[in-house]
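Each chain is listed here by its residues.
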Amino acid sequence: MDWTNCLHPSDSTTDPIRFLALERDFAELAEQYRHAHEAAMRSGQVVGGAPVAVLERLVTGATARRHAIATTSGTEALRLALVACAIGPDWNVIIPALTYIATAGSVLATGARPIVVDVDEHAHLDADMLGDALAATRGPTAVVPVGLFGDGLDDERLRSICDAHGALVVEDAAQSLGSRHRNCVGGGLGHASSLSFAPTKTVPCFGNAGAVVTDDDDVAARARLIRSHGKAGNRSKTTLLGVNGALASSHAAQLCVSFHHREERARRRDAIAAHYLSRLEGLDGLRLPPMRSRTIHNWHKFVIRSDRRDALLEHMRVHGIETQVHYPIPLCDEPILAGCEFRSCDRARAWSRHACTLPLHPFLTQPEVERIVRAVREFHGA
Ligand SMILES: Cc1ncc(COP(=O)(O)O)c(C=O)c1O
């Protein structure tokens, strides 16, 4: 289907352009979603069951991993991945200064000590600073890289630094499904990775969902146990402190449908991003997402940086275009992390001051895309 020709959008030059439009997703696949939902309900097994098993197979395929364990959110998936890797109170966990708060929250929930390290031009953990932080850290240490905005992580560099210091890698791939750098796909890095299917993500759940992926049989077995109260079966003894983390079968069934349309939707995102990149190039005071060769960006977010960011946000608002800021508060300025160790967060702070995220989802029409481009160009005097 041509992404310029979606169902139900308005071509009016004044109607608001919303940041997300899940109702257009539903309208496009309504029959398939209804059918999947009904099949899950008719099976009588409303938690877990066949749809979850199918979703887990789809997720292992998309991430080239041996195991996937679906759960109730990306936040829970990251916590589960960390705990299944035996990361707990006596551990240090290095996280990037720019990410969604859930990365930090999941680490804090394990009882481990977060160490916050600045980001690079791609808003990924800065490799040199990561090396310095690892060299200065004593005791068991893990690193949680985040492929922020859907830009592929430089796995070779990360792996060599972490291996040199004996650090475990658990990837927060909440934003990375479908991204790639060289041969490493989003969700394929490190000992285990966590994915999110929150409504904002490239494969969105009409609710919340996530998954742990790993190649390690023991980590997978522990994640499954923890997901179900630490019990292998109804009458088995409890060996691990667990949670009620099984995914609803209706959510899994809907996600299986969305997964099926993942690639055509990725192509629409790509086409819109290519249009933004070509039409917004060279504007004074505006920086576009940095691009690298041999990288597939999944365009979960299209983040531009402007010297006059707050005025740009207001200009877009006046033109009826909803934008967002990812992220307005770097982790080093979050009160919940006060008392943690920070390693120069200047670049993360600069991202927070300059970032403006444009709407980019597969259901934008060509006229909407043109309006967004026109508004940004007009602001920059083009
Ligand atoms: C980087 C990152 N980590 C973790 C999460 C948490 O995922 P969820 O919202 O599914 O709990 C998100 C969600 O936005 C995220 O962007």
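By convention here, each chain's residues receive numbers from 1 onward along its written sequence. The model is predicted, so local features are restricted to residues of pLDDT at least 70 and side-chain atom pairs to those at 80 or more, both for listing and for counting; the totals for chains, interfaces and linings are taken over all residues. Working from all heavy atoms in the structure, the side-chain values ignore hydrogens and water.

## Side note on the packing of aromatic side chains
Then, in step 1: Pairing of aromatic side chains requires ring centres within 6.5 Å, counting the rings of Phe and Tyr and the six-membered ring of Trp. Pairs whose planes differ by under 30 degrees are stacked, by over 60 edge-to-face, and all others tilted. Evaluated as defined, the whole model comprises 8 aromatic pairs.
Then, in step 2: Residues Phe26 and Tyr33 carry aromatic rings whose centres are separated by 6.1 Å and whose planes lie at 10 degrees to one another, so their mutual orientation is stacked.
Then, in step 3: When its relative accessible area of 34% is taken as the criterion, Phe26 is described as partly exposed.
Then, in step 4: Every member of this aromatic cluster is reached through a ring pair, and the members are Phe26, Tyr33 and Phe206.
Then, in step 5: Working rule: Lys NZ or Arg CZ, within 6 Å of ring centre, within 35 degrees of ring normal, means a charge sits over the ring. Directly above the ring of Trp351 sits Arg305, whose terminal nitrogen or CZ lies 3.9 Å from the centroid. When a residue's accessible area, from a 1.4 Å probe over protein chains only, is under 20% of the maximum for its type it is buried; when over 50% it is exposed; and in between it is partly exposed.

## A closer look at helix H9 (residues 262-279)
Then, in step 1: Numbering of helices and strands starts at the N terminus; helices are DSSP runs of H or I of at least 4 residues and strands are runs of E of at least 2. A helix is expected to reach a length of 1.5 Å times the quantity of its residues less one. Here H9 contains 18 residues, and its C-alpha end-to-end distance of 26 Å stays within 8% of the 26 Å for a straight helix at 1.5 Å per residue.
Then, in step 2: Within the span of H9, buried status applies to Arg262, Arg265, Arg268, Arg269, Ile272, Ala273, His275, Tyr276 and Leu277.
Then, in step 3: We call two residues contacting when some pair of their heavy atoms lies within 4.5 Å. The inward-facing, buried residues of H9 contact helix H1 (22-42), helix H2 (50-63), helix H8 (249-260), strand S12 (302-306), strand S14 (355-358) and helix H12 (366-379).

## Overview of the sheet that holds strand S7 (residues 184-185)
Then, in step 1: For two strands to be treated as a pair, DSSP must find no fewer than two bridges joining them. If you trace the 3 strands from one edge of the open sheet to the other, you get S7-S6-S11, paired in antiparallel fashion. Where the open sheet ends on each side, the last strands, each with one partner, are S7 and strand S11 (295-296).

## As for the environment of Arg347
Then, in step 1: Tracing the sequence through the fold places Arg347 in helix H11 (residues 346-354).
Then, in step 2: Excluding anything up to four places from it in sequence, Arg347 contacts Asp118, Val119, Asp120 and Asp126.

## Considerations on the domain arrangement of the protein chain
Then, in step 1: Where each domain begins and ends follows an automated or database-derived domain assignment. Along its sequence, the protein chain is organised into domain 1 (3-28 + 262-379) and domain 2 (30-260).
Then, in step 2: The interface of domain 1 with domain 2 comprises 40 residues on the first partner and 53 residues on the second.
Then, in step 3: The term buried area denotes the loss of accessible surface (1.4 Å probe radius) that occurs when two parts are joined, taken as the sum for both partners. Where domain 1 abuts domain 2, roughly 4200 Å² becomes buried across the two surfaces, and 59% of that area is made up of carbon and sulfur atoms.
Then, in step 4: Broken down residue by residue, the surface that domain 1 buries against domain 2 is led by Arg262, Tyr327 and Arg343, which jointly contribute 19%.
Then, in step 5: Any Lys or Arg side-chain nitrogen located within 4 Å of an Asp or Glu carboxyl oxygen qualifies as a salt bridge. On the surface where domain 1 and domain 2 come into contact, there are 3 salt bridges.
Then, in step 6: For Glu121, the salt bridge identified is with Arg305, shortest N-O distance 3.0 Å.

## Points about the site of the ligand
Then, in step 1: In the vicinity of the ligand, 16 residues are found, and the nearest of them are Gly74, Thr75, Asp172, Ser196 and Lys201.
Then, in step 2: Pairs of N or O atoms within 3.5 Å make up the polar contacts considered here, provided that, within protein, one atom can donate a hydrogen while the other can accept it, and that residues adjacent in sequence are counted only when both atoms are side-chain atoms. A distance of 2.8 Å separates an oxygen atom of the ligand from a polar atom in the side chain of Gln175.
Then, in step 3: Note on areas: Shrake-Rupley with a 1.4 Å probe; residue coverage comes only from the protein chains shown. Notes on the ligand: free accessible area 390 Å², of which the protein chains cover 91%.
Then, in step 4: For the shell around the ligand, the elements supplying multiple residues, two or more each, are helix H3 (74-84) and helix H4 (101-110). Put simply, a residue is near a molecule or strand once any heavy atom of it comes within 4 Å of that molecule or strand.

## Here we look at the environment of Phe26
Then, in step 1: Tracing the backbone through its elements, the reader meets Phe26 in helix H1.
Then, in step 2: For the pair formed by Phe26 and Ala350, sequence separation is 324 residues and the distance between their alpha carbons is 37 Å.
Then, in step 3: For Phe26, the contacting residues outside a window of four places in its chain are Tyr33, Arg34 and Phe206.

## Description of unusual backbone geometry
Then, in step 1: The omega torsion of the bond from His326 to Tyr327 falls at 0 degrees, within 30 degrees of zero and hence cis.
Then, in step 2: In this fold, Tyr327 is placed in the loop between helix H10 (309-318) and strand S13 (341-343).
Then, in step 3: A positive phi angle is found at Arg294, which is not glycine, with a value near 55 degrees.

## Topic: the pairing of S12
Then, in step 1: Among the 5 residues that make up S12, 5 are buried, leaving the element largely enclosed by the rest of the structure.
Then, in step 2: By the alternation rule, side chains of S12 split into Phe302, Ile304 and Ser306 and Val303 and Arg305, which are all buried.
Then, in step 3: In this sheet, S12 lies alongside strand S10 (residues 286-287) in antiparallel orientation, the contact comprising 2 bridges. Counted as the bridge partner of Arg287 is Arg305 from S12.

## Remarks on the pattern of salt bridges
Then, in step 1: Applying the stated rule across the entire model yields 24 salt bridges.
Then, in step 2: The partner of Asp151 in a salt bridge is Arg292, and the shortest N-O contact between them spans 2.9 Å. Within this pair, whereas Asp151 is found in the loop between strand S4 (141-143) and helix H6 (155-164), its partner Arg292 is found in the loop between S10 and S11, the two being separated by 141 residues in sequence.
Then, in step 3: Judged by relative accessible area, Asp151 falls into the buried class, the value being 5%.
Then, in step 4: We note a salt bridge from Arg309 to Asp310, for which the minimum N-O separation is 2.8 Å.
Then, in step 5: On the basis of relative accessibility, which here comes to 10%, the residue Arg309 falls in the buried class.

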